[in-house]
Amino acid sequence: MNHQLIITAAKGNTDKVLTLLQDGVPINTTDQFGRTAVLAATYNNQVDTVKTLIQHGADINIRDNNLENVLLHAGASGYFEIVKLAIAAGADTKLTNRFGGIAIIPASERGHVEVVRELLLHSDINVNHINNLHWTALLEAVILGNGGEKHQEIVQLLVDYGADLNIGDRDGVTPLQHAKKLGFYEIEQILKEAEFERSCNS
């Protein structure tokens with residue numbers, strides 16, 4: 001029955017989930033992958049099921065064997081509604097994925113503008129967190145992004161919310177230097193403008 005809860009949550013069958021909980025199945029039980037019901041529902045973007053499980057006290061911070069949890073997976077996948085639910089439920093923004101990154105880093109890399117904005121506006125996310133590759137969200141947005149409008153918007157958001165322009169990669173190469181090298185002219189201009197403004201204000 002414990003595994004039944006997780007399988008049912010993954011399918012988004014909220015009524016059956018509630019029945020299983022009423023029958024006494026522990027809400028935070030895990031499967032062989034270390035996934036809870038709320039995380040299984042998150043993997044399949046089952047928003048209503050996630051919401052119901054959170055309302056019934058599911059622990060959204062539990063990470064599975066792959067070091068994913070509700071906020072980390074929803075953020076990386078661009079599941080905006082679930083990101084909002086996780087933030088509202090007080091998700092721990094300091095927990096890291098298998099790459100040592102917090103939710104805003106893969107969201108920035110993958111161009112999930114709404115997710116990045118939500119994390120910056122409504123959570124205590126650390127915009128300058130450095131992952132195992134020695135990359136910040138800003139570095140990932142530049143290095144692994146495509147330089148297009150979404151990544152330009154994300155770079156602007158990160159800068160607006162205090163991203164450190166001087167944190168370089170392991171070799172000391174800064175986001176601006178990467179943008180120049182990659183030919184991302186618009187991002188280069190955003191970063192140059194930010195540097196100029198900060199130098200004027202210092």
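Every value quoted in this text rests on a predicted model; they were computed, and no experiment measured them.

Asks: Account for the pattern of salt bridges, with residues named and values stated.
Replies: If you walk through the whole model with that rule in mind, you get 6 salt bridges. For Glu68, the salt bridge goes to Arg98, with nearest N and O atoms at 3.6 Å. Of the two residues, Glu68 sits in the loop between helix 4 (47-55) and helix 5 (70-77) while Arg98 sits in the loop between helix 6 (80-88) and helix 7 (104-109), which places them 30 residues apart along the sequence. Between Lys192 and Glu188 there is a salt bridge, with the nearest N and O atoms lying 2.9 Å from each other. Within this pair, Lys192 and its partner Glu188 are both found in helix 12 (residues 185-201), separated by 4 residues, close to a single helical turn. For Lys192, a relative accessible area of 34% corresponds to the partly exposed category.

Asks: Any details on the environment of Val116? Residues and values, ideally.
Replies: Structurally, Val116 can be placed in helix 8 (residues 113-122). As for Val116 and Gly75, which are separated by 41 residues in sequence, their C-alpha atoms are 8.1 Å apart. Ignoring any residue separated from it by four or fewer positions in sequence, one finds Val116 in contact with Ile104, Ala107, Ser108, Ile154, Leu157 and Leu158.

Asks: Mind laying out the packing of aromatic side chains, listing which residues take part and the relevant values?
Replies: Evaluated as defined, the whole model comprises 0 aromatic pairs. We note Arg35 situated over the ring of Phe33; from NZ or CZ to the ring centre the distance is 5.5 Å. Of note, Arg35 hangs over the ring of Tyr43, and the distance from its end group to the ring centre comes to 3.8 Å.

Asks: Describe the packing of helix 1 (residues 2-11) against helix 2 (residues 14-22), naming the residues involved and giving the relevant values.
Replies: Between two packed helices, what matters for the description is the angle formed by their axes and the separation of those axes. In the contact formed by helix 1 and helix 2, the axes pass within 9 Å of each other and the chain directions differ by 160°. Looking at the two axes, helix 1 sits roughly antiparallel to helix 2. Where helix 1 crosses over helix 2, the two elements pack in a sense that is left-handed. Within the contact between the two elements, helix 1 uses Gln4, Leu5, Thr8 and Ala9 and helix 2 uses Lys16, Val17, Leu20 and Leu21. By residue class, the composition of the contact of helix 1 with helix 2 is 5 nonpolar, 2 polar and 1 charged.

About the cut-offs
- Residues numbered from 1 in each chain as written.
- Predicted model: local features only at pLDDT ≥ 70, side-chain atom pairs only at ≥ 80, totals over all residues.
- Heavy atoms only, no water.
- Salt bridge = Lys/Arg side-chain N within 4 Å of Asp/Glu carboxyl O.
- Helix = DSSP H or I, 4+ residues; strand = E, 2+ residues; numbered from the N terminus.
- Buried < 20%, exposed > 50% of the residue type's maximum accessible area, 1.4 Å probe, protein only.
- Contact = heavy atoms within 4.5 Å.
- Phe/Tyr/Trp six-rings, centres within 6.5 Å; stacked < 30°, edge-to-face > 60°.
- Lys NZ or Arg CZ within 6 Å of the ring centre and 35° of its normal.
- Axes fitted to C-alpha atoms, helices over the stretch in contact; angles between N-to-C directions.
- Parallel < 35°, antiparallel > 145°, perpendicular 65-115°, else oblique.
- Left-handed = near helix turned anticlockwise from the far one by under 90°.
- Nonpolar A, V, L, I, M, F, W, Y, C, P; charged D, E, K, R; others polar.

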